[in-house]
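Below are the chains, spelled out letter by letter.
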Amino acid sequence: MRKVGEIRIDDEGGQVVSLLADKELIKPAIPGIVGLHGENITIMFKKLFLSFKDNYRLETSISSHGNEVIIVLRGERSRITISYRLLNKRIDVYTDYEGPRRLIVRGQVKSMALSILRHALVELSRRRGARQSRREGRADYSTLLRDPSRLIRMLMKSMLVYSEEIRAERGIHEIIEHLRNQGIFNKHDHVYVAGSTSDGSISFRVLFINGSLAGVYAIVNGEEKHGDPWIISGAPGTYSVKVYSVLPQGLEVLKE
């Protein structure tokens, strides 16, 4: 197996391992799925004019020490193996591919492995934020983000800190990752992110409190979604993105 990447994490590494082993959780994060057949999935790999498709059975396992997850996609003509190894506050990612069309598939297997890991981290952040909300009796921010009048009042007590057009080939989570790399969540306690595609087919609003996902609202092709973290793992496109640092008073008026 070859190492294809690493991601820094917080102290909840054990929970990440558990999420990565959840087949139903990680399945929506696998790119290229073109068919679902009970427990089996069909994945299409494409590069230029070449393509390869196979039917896979998804298997997951955790090592006896609890510090490694192995995901195996066992196909009719190929096999994909992904390993996530927890080392202190870091997860190393390894992949292996056996089968035809290696030049097409290998690079996309790397993208698949990283997409699954990011998806698990987003879900962990959502669950952590939900637990914190329950402990503190906080409002349902996903529902509140639907209300334009509340947003206007919140933004009056916020400061624009970042504005950019971002191409997110792997989905909205790529925008969030970009902002993390910019240090946005380290500099500001309460962060509101809004983005939309140029044709208006997709728009989203997300709220982070102390780096944890606290609210999600999106419109995708006319369909409203709120409180659904899956949207962050999908919807690729080019987005006009604005990021605001929200003052504590801004959160209060959002809840009024």
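This text goes with the structure placed above it.
Rules and cut-offs
- Residues numbered from 1 in each chain as written.
- Predicted model: local features only at pLDDT ≥ 70, side-chain atom pairs only at ≥ 80, totals over all residues.
- Heavy atoms only, no water.
- Pairing = 2+ DSSP bridges.
- Helix = DSSP H or I, 4+ residues; strand = E, 2+ residues; numbered from the N terminus.
- Axes fitted to C-alpha atoms, helices over the stretch in contact; angles between N-to-C directions.
- Contact = heavy atoms within 4.5 Å.
- Parallel < 35°, antiparallel > 145°, perpendicular 65-115°, else oblique.
- Left-handed = near helix turned anticlockwise from the far one by under 90°.
- Nonpolar A, V, L, I, M, F, W, Y, C, P; charged D, E, K, R; others polar.
- Salt bridge = Lys/Arg side-chain N within 4 Å of Asp/Glu carboxyl O.
- Buried < 20%, exposed > 50% of the residue type's maximum accessible area, 1.4 Å probe, protein only.

Trainee: Sorry, what's going on with the sheet that holds strand β10 (residues 202-209) here?
Mentor: The strands that make up a sheet pair up through hydrogen bonds in the backbone, lying either parallel or antiparallel. Taken in spatial order, the six strands of this open sheet run β8-β13-β9-β10-β11-β12, and their pairing is antiparallel. Of all the strands in the sheet, the pair left with one neighbour each is β8 (158-168) and β12 (223-226). On average, each strand axis in the sheet is inclined to that of its neighbour by 15°, with strand direction left out of account. Strand direction decides the pairing type here: β10 and strand β11 (residues 212-220), joined by eight bridges, are antiparallel. Paired with Phe204 across the two strands is Ala218, which belongs to β11. Lying on the sheet, helix α5 (residues 148-155) is in contact with β8, β9 (190-197), β10 and β13 (237-246); it crosses β9 at an angle near 125°. Contacting β8, β9, β10 and β13, helix α6 (residues 172-181) crosses the sheet at an angle of about 125° to β8.

Trainee: Please clarify how the pairing of strand β3 (residues 40-47) should be interpreted in this entry.
Mentor: In the case of a regular strand, side chains alternate between the two sheet surfaces. Bridging between strand β2 (residues 33-37) and β3 involves four bridges; their strand directions are antiparallel. Bridged to Leu36 within β3 is Ile41. Hairpin geometry of β2 and β3 is characterised by an intervening segment of two residues between the two adjacent antiparallel strands and by a positive phi of about 65° at Gly38. Relative to strand β4 (residues 50-62), β3 runs antiparallel, the two sharing eight bridges. Directly across from Lys46, in β4, lies its bridge partner Ser51.

Trainee: Can you help me understand the packing of α5 against helix α8 (residues 248-255) in this one?
Mentor: Axes are the key here: two packed helices are described by the angle between their axes and the distance separating the axes. At a closest axis distance of 8 Å, the pairing of α5 and α8 adopts a crossing angle of 160°. Between α5 and α8, the interaxial angle falls into the category roughly antiparallel. Along this stretch, α5 crosses α8, giving a crossing that reads as right-handed. Counting all contacts with α5, which are made through Arg150, Leu151, Arg153 and Met154, the residues of α8 involved are Gly250, Val253, Leu254 and Lys255. Considered class by class, the residues forming the contact of α5 with α8 number four nonpolar, one polar and three charged.

Trainee: Looking at this structure, how should I read the pattern of salt bridges?
Mentor: A side chain of one charge can pair with a side chain of the opposite charge when the charged atoms of the two come close. Considering all chains together, one arrives at 11 salt bridges under this definition. Here Asp92 makes a salt bridge to Lys3, at a shortest N to O gap of 3.5 Å. Of this pair, Asp92 sits in strand β7 (residues 90-98) while Lys3 sits in strand β1 (residues 2-8), and the two are 89 residues apart along the sequence. Residue Asp92 is classed as buried on the basis of its relative accessible area, which comes to 3%. Residue classification places Lys3 among the partly exposed positions, given a relative accessible area of 41%. Here Glu98 ties to Arg79 by a salt bridge, and the two come within 2.9 Å at their closest N and O atoms. With a gap of 19 residues between them, Glu98 in strand β7 and Arg79 in strand β6 (residues 79-87) connect regions that are remote in the sequence. Here Glu98 falls in the partly exposed class, since its relative accessible area comes to 38%. Connected through salt bridges with shared partners, the residues Lys3, Glu6, Arg90 and Asp92 form a single ionic network.

Trainee: Which parts of the structure should I look at to understand the environment of Gly195?
Mentor: Take Gly195: it is sitting in strand β9. Its relative accessible area of 7% is what places Gly195 among the buried residues. Counting along the chain gives 29 residues from Gly195 to Ile166, while the straight-line C-alpha distance between them is 9.3 Å. Leaving out residues up to four positions away in the same chain, Gly195 has contacts with Ile202, Ser203, Phe204, Tyr239, Ser240 and Val241.

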